[in-house]
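Coordinates in review
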Amino acid sequence: MAPSHDALSFATLFHMVTTKLSSSKYLLWNTQIVSVLACQNYLGFVDGRKYASPSTVRDATGKKGPNPDFEALSATDQLV
């Protein structure tokens with residue numbers, strides 16, 4: 001599933017994470033990054049809940065064709 005139409009740009013999202021990742025600040029960074037990813041429906045790509053759809057599907061007649069969900073999911077996956 002693609003993010004909602006009002007999703008923020010990826011660059012904007014990561015300006016919202018104010019803590020740089022380090023061993024001493026991991027918990028704070030993790031809280032920020034998980035919140036940002038979750039609010040834009042990207043977290044499933046990172047934690048494995050969203051997985052690739054098949055690239056082709058069969059229509060009502062049994063003929064194989066491209067899966068439109070695969071294209072949208074692939075494009076979003078490349079962002080993450």
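Below: a short report on this structure. All figures in this text were calculated on a predicted structure; none of them were measured in a lab.

**Comments concerning the overall build of the protein**
Summing up its helical and strand segments, the protein has four helices and two strands in all. Overall, the protein shows an N-to-C arrangement of helices and strands of α-α-α-β-β-α. Burial analysis of the protein (80 residues in total) assigns 20% to the buried set. Once local pairs closer than 6 in sequence are excluded, the contacts in the protein between residues at least 24 apart make up 34%. Counting every atom, the protein has about 5900 Å² of accessible surface; 60% of that belongs to carbon and sulfur.

**Observations concerning the side chain of T19**
Within the fold, T19 resides in the loop between α1 (10–15) and α2 (26–39). Dropping the residues within four chain positions of it, T19 is found in contact with K25, L28, W29 and Q32.

**Details of a nonpolar patch on the surface**
Taken together, the side chains of L21, Y26 and L27 define a hydrophobic patch exposed on the protein surface, amounting to about 340 Å² of accessible area. With respect to the helices and strands, the residue Y26 is situated in helix α2.

**Some thoughts on α2**
Since the α-helix packs 3.6 residues into each turn, any two residues three or four apart lie on the same face. For α2, spanning 14 residues, the distance from its first C-alpha to its last is 20 Å, which sits close to the expected 20 Å at 1.5 Å a residue. In the stretch just after α2, N41 is the one whose phi turns positive, near 65 degrees.

**A few points about the nonpolar core**
One recurring pattern in soluble globular proteins is that nonpolar side chains are buried together. Ranked by size, the top nonpolar core spans eight residues in total: V17, I33, V36, L37, Y42, L43, F45 and L73. Put simply, the parts of the chain that give this core at least two residues each are α2 and α3 (43–47). Residue contributions to this core peak at three residues, all from α2.

**Thoughts on the side chain of N67**
Relative to the helices and strands, N67 resides in the loop between β2 (64–66) and α4 (68–79). Looking at N67, the relative accessible area reads 7%, which means it is buried. Apart from the residues within four sequence positions on either side, N67 is in contact with S53, P54, S55, T56 and V57.

**Re the packing of aromatic side chains**
Aromatic ring pairs: the centre-centre distance and the angle between the two ring planes describe each pair. Taken as a whole and judged by the stated rule, the model has one aromatic pair. Taking the centre distance of 6.1 Å and the plane angle of 40 degrees together, the rings of Y26 and W29 count as tilted. Within this pair, Y26 and its partner W29 are both found in helix α2, separated by three residues, close to a single helical turn. Taking relative accessible area as the criterion, Y26 reaches 40% and is therefore assigned partly exposed. By relative accessible area, W29 is classed as partly exposed at 21%.

Rules of the game
- Residues numbered from 1 in each chain as written.
- Predicted model: local features only at pLDDT ≥ 70, side-chain atom pairs only at ≥ 80, totals over all residues.
- Heavy atoms only, no water.
- Helix = DSSP H or I, 4+ residues; strand = E, 2+ residues; numbered from the N terminus.
- Buried < 20%, exposed > 50% of the residue type's maximum accessible area, 1.4 Å probe, protein only.
- Contact = heavy atoms within 4.5 Å.
- Areas by Shrake-Rupley, 256 points an atom, 1.4 Å probe, with all protein chains shown as cover.
- Patch = residues over 30% accessible without salt bridge, like charges linked within 9 Å, V, L, I, M, F, W, Y side chains within 5 Å.
- Salt bridge = Lys/Arg side-chain N within 4 Å of Asp/Glu carboxyl O.
- Expected span 1.5 Å × (residues − 1).
- Core = buried A, V, L, I, M, F, W, Y, C linked by side-chain atoms within 4.5 Å.
- Phe/Tyr/Trp six-rings, centres within 6.5 Å; stacked < 30°, edge-to-face > 60°.

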